[in-house]
Number of protein chains: 2
Amino acid sequence: MPDVIPADSVGIVTPQTAQFDTPLALSCGQTLSSYQLVYETYGTLNKNASNAILICHALSGDHHAAGYHKMTDNKPGWWDTAIGPGKAIDTNTFFVVALNNLGGCSGSTGPTSINPQTGQRWEASFPIVTVEDWVESQARLADVLGIQTFAAIVGGSLGGMQVLEWSIRFPTRLKSAVIVASAPKLSTQNIAFNEVARQSIRRDPEFFDGNYLDNHSVPTNGLGLARMLGHITYLSDDAMGAKFGRQMRHDNYQYNYGIEFEVESYLRYQGEAFTKRFDANTYMLMTKALDYFDPASQTNGDLSAVLSRAQCAFLLVSFTTDWRFAPERSEEIVNALIKAGKPVSYAKIEATEGHDAFLFPIPRYMAVLNTFLTRIANHIITEVK
Amino acid sequence: MPDVIPADSVGIVTPQTAQFDTPLALSCGQTLSSYQLVYETYGTLNKNASNAILICHALSGDHHAAGYHKMTDNKPGWWDTAIGPGKAIDTNTFFVVALNNLGGCSGSTGPTSINPQTGQRWEASFPIVTVEDWVESQARLADVLGIQTFAAIVGGSLGGMQVLEWSIRFPTRLKSAVIVASAPKLSTQNIAFNEVARQSIRRDPEFFDGNYLDNHSVPTNGLGLARMLGHITYLSDDAMGAKFGRQMRHDNYQYNYGIEFEVESYLRYQGEAFTKRFDANTYMLMTKALDYFDPASQTNGDLSAVLSRAQCAFLLVSFTTDWRFAPERSEEIVNALIKAGKPVSYAKIEATEGHDAFLFPIPRYMAVLNTFLTRIANHIITEVK
């Protein structure tokens, strides 16, 4: 990090932990008797608690969305480009809450936590949680923080699915929903990629049916493979081409299975780095949460019908080169909202970065986000007056 | 197979083996002192040997392109829909030759063969072969068969790359080149998918650095994973959606890692079936041959310059939903040929099947192929007269 905290950074932040002792009934039928959620906040909650924004993270995200934990951190939180004083999600105006979801591996209760019933690590016995379960647990966190209604709930990718679920499940608890690079449900191809990722992990002999930590092991080969595959789907073909092309490690072909092209090196590095910070069981259950999400299944496949429950304003954002959650998938949501007569804004952003674009500070994207949230802020201020 | 051989089938065919004892210098610098190629032929070679068509196979193909080996076969050769009496590649007119490429696992010399120098199986020590090596060995097979000039050389995907190489390397030895669903070189994304497939195999502990047979094992988990991933890229998102959608195995979600969606079952089945018929070392080297192919590298990246050596007529075919080798990739070849002043026909075929479309008897595709080859046939007959 820089020697001096930048003026538009939220600065040094400290994660907090909320303990929940009211049992949580999960979609799968199991109940968590108690659990913890780790979270961070940026900015100040106003008197009537009307300026809060909840950030929902994607597959490999966590609660550390902005700022630094300490001056020696190499990099700030994962969405620092969007969250801070004067940034698109302006912490001079809003009180921003970011948490690590249940089942995660960054501090919230998940497979690497101790099961209080047994005194042992959960590992494979941790229940598969769903987007619905996450939203339920996020609502309880809001209760603890004294937030009845969020000014906005914001999320990209899997995070966007949580936002969509909020708008259906707790229609009165959010003024606006910002859904970026997301989809109302996975396509068959999305599920297929997830299944290959899961099989990569499960087929690693170090996986031990999910109880690897108790076997003093980690399925790094399988988790690394899953991440390599993920990276291909996060980038566009063009972005990969522009970044690496057919750039070679050596002057000539080596005719062996070492690294020949730079893209191979990139993928291996990304795969390996991921295994040092992420838990394989968490990765598996996150992919299942993605697979399962399908709110329209409650209304016989009619997305518009289920979205008719929503009472908030919507902003949808997609990116031209995103083939994992293509613009057409966002437009399914937009069209269903229009059909349901809901207020919806939509921006398809020109971007070369593929699905990853939702993490980049693309000027038009940031402007769209800021304009929408400023309108929400003005509305809140008017209400307060 | 049916009780009676269909009238438009080439019928019962018997693979033949050609032995080569003239050393073959490979691109990698190694030399094969001797080797065998297994092949099949359909139809009759005419007196002046001017009616021969060579079929080049793709990644997982072999020499059994049409007909049946025995009456109890479950299915005919892999391109039986296109090759036979009265079919697009008409065996009443043409003498069709299909071979298993060097490095293959269906009878030609490859990793599972015995290395005559050592008396042991080659396994990991089998050299990585290239498209150039294949074309060289195919030309020697043509010599054995008494074919100086092919009426056409035809191939899809990796097979199309061999056809392109033929047109550059042996310009006088083919009258026409039919290149289907192919590309002048892999994109970065293509290479990335290949690298994940190779890593899937290499990280399987049963791989034993490629010497699994000597260790009485087979890396079925890794090879199966590679094939599962392959299948996702062969199908279009739409084709997968149409075929499986979100169709479930059970009435409700099971909240475990068993088969939940039918597409998961399909992929696991395809992966497992492949491991019973294909060799992992062959799969690895085929993906390297794909990665390496880049004829324009001989002319500083100018595809048109290298193709200026060609003397044949070209037919290029692509399929609208193919995202592995998208139509734009075929069009790169078409445009380079036009720039080089070569005769080229091009058809972009509406198809829902993605890359797999090149194996389907899509009427317009078959008609284009047949019309082009009929023109070649008429030209040959005119010459003979």
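Fair warning: this is a prediction, and the values are worked out from it, not measured in the lab. (Residues numbered from 1 in each chain as written. Chains lettered and ligands numbered in written order. Predicted model: local features only at pLDDT ≥ 70, side-chain atom pairs only at ≥ 80, totals over all residues. Heavy atoms only, no water.)

Draft legend 1. Focus on the packing of helix 1 (residues 131–145) of chain A against helix 2 (residues 158–169) of chain A. Residues and elements named next belong to chain A. Running from N to C, helix 1 and helix 2 cross one another at 70 degrees; their axes reach a closest spacing of 9 Å. Considering their axes alone, helix 1 and helix 2 lie roughly perpendicular with respect to each other. Considering how the two elements wind past one another, helix 1 and helix 2 form a crossing that is right-handed. Taking contact as the criterion, the partners of V131, E132, W134, V135, E136, Q138 and A139 in helix 1 are, on helix 2, L158, M161, Q162, E165, W166 and R169. Looking at the contact of helix 1 with helix 2 residue by residue, the classes come out as seven nonpolar, two polar and four charged. (Axes fitted to C-alpha atoms, helices over the stretch in contact; angles between N-to-C directions. Helix = DSSP H or I, 4+ residues; strand = E, 2+ residues; numbered from the N terminus. Parallel < 35°, antiparallel > 145°, perpendicular 65-115°, else oblique. Left-handed = near helix turned anticlockwise from the far one by under 90°. Contact = heavy atoms within 4.5 Å. Nonpolar A, V, L, I, M, F, W, Y, C, P; charged D, E, K, R; others polar.)

Draft legend 2. Region of the structure containing the sheet that holds strand 12 (residues 176–180) of chain B. Residues and elements named next belong to chain B. Taken together, eight strands build an open sheet; the order of strands is 1-4-8-5-11-12-13-14 and the sheet is mixed. Bordering the open sheet on either side are strand 1 (16–20) and strand 14 (344–349), each of which pairs with just one other strand. Put simply, the sheet's adjacent strands are angled 20 degrees from each other on average, direction ignored. Here strand 5 (residues 52–56) runs beside strand 11 (residues 152–156); their pairing, made up of four bridges, is parallel. Paired with I53 across the strands is A152, a residue of strand 11. In this fold helix 1 (residues 131–145) packs onto strand 1, strand 4 (35–42), strand 5 and strand 8 (95–99), with an angle of close to 60 degrees to the strand it touches most, strand 4. Helix-sheet contacts for helix 2 (residues 158–169) involve strand 5, strand 11, strand 12 and strand 13 (313–319), and the interaxial angle to strand 11 is about 150 degrees. (Pairing = 2+ DSSP bridges.)

Draft legend 3. Seen up close, the UniProt feature "site: Important for acyl-CoA specificity" (unreviewed entry) in chain A. Residue and element names in this part refer to chain A. Feature annotation in UniProt places "site: Important for acyl-CoA specificity" (unreviewed entry) on R324, given in this structure's numbering. Residue R324 is classed as buried on the basis of its relative accessible area of 13%. Residues in contact with R324, not counting those within four places in the same chain, are L59, N190, N194, T233, Y234, L290 and H355. (UniProt positions renumbered as here; feature names shortened; annotations may be inferred. Buried < 20%, exposed > 50% of the residue type's maximum accessible area, 1.4 Å probe, protein only.)

Draft legend 4. Inspection of unusual backbone geometry at higher detail. Residue and element names in this part refer to chain B. One non-glycine residue with positive phi stands out, namely D209, at about 50 degrees. Mapped onto the secondary structure, D209 falls in the loop between helix 3 (188–202) and helix 4 (220–234). Positive phi is not limited to glycine here, since Y255 has a value of about 55 degrees. Position of Y255 among the secondary structure elements: in the loop between helix 5 (237–243) and helix 6 (262–277).

Draft legend 5. Highlighting the packing of helix 6 (residues 262–277) of chain A against helix 3 of chain B. The geometry of helix 6 of chain A relative to helix 3 of chain B is characterised by a closest axis approach of 9 Å and an angle of 55 degrees between their N-to-C directions. Taken together, helix 6 of chain A and helix 3 of chain B sit at an angle that is classed as oblique. Here the hand of the crossing between helix 6 of chain A and helix 3 of chain B comes out right-handed. Each of V263, E264, L267 and R268 of chain A in helix 6 of chain A lies in contact with helix 3 of chain B, whose residues at this interface are T188, I191, A192, E195, V196, R198 and Q199 of chain B. Here the contact of helix 6 of chain A with helix 3 of chain B is built from residues that sort into five nonpolar, two polar and four charged.

Draft legend 6. Representation of the state of the cysteines in the model. All names here are of chain A. Applying the stated criterion across every chain, the model contains zero disulfides over all chains. Free of any disulfide, C28 has its nearest neighbouring cysteine sulfur in C105, separated by 19 Å. With no disulfide of its own, C56 has C312 as its nearest cysteine by sulfur position, at a separation of 12 Å. (Disulfide = S-S within 2.5 Å.)

Draft legend 7. Highlighting the interface of chain B and chain A. Each side of the interface is counted separately: chain B has 55 residues, and chain A has 55 residues. Between chain B and chain A, roughly 4,800 Å² of surface is buried when both sides are summed, and carbon and sulfur atoms account for 64% of that area. On the surface where chain B and chain A come into contact, there are 26 residue pairs in polar contact (both at pLDDT 80 or more). Those elements giving two or more residues to the side of chain B that touches chain A turn out to be helix 3, helix 4, helix 5, helix 6 and helix 7 (280–292) of chain B. (Buried area = accessible area lost by both parts, 1.4 Å probe. Polar contact = N/O pair within 3.5 Å; in protein donor to acceptor, adjacent residues only side chain to side chain.)

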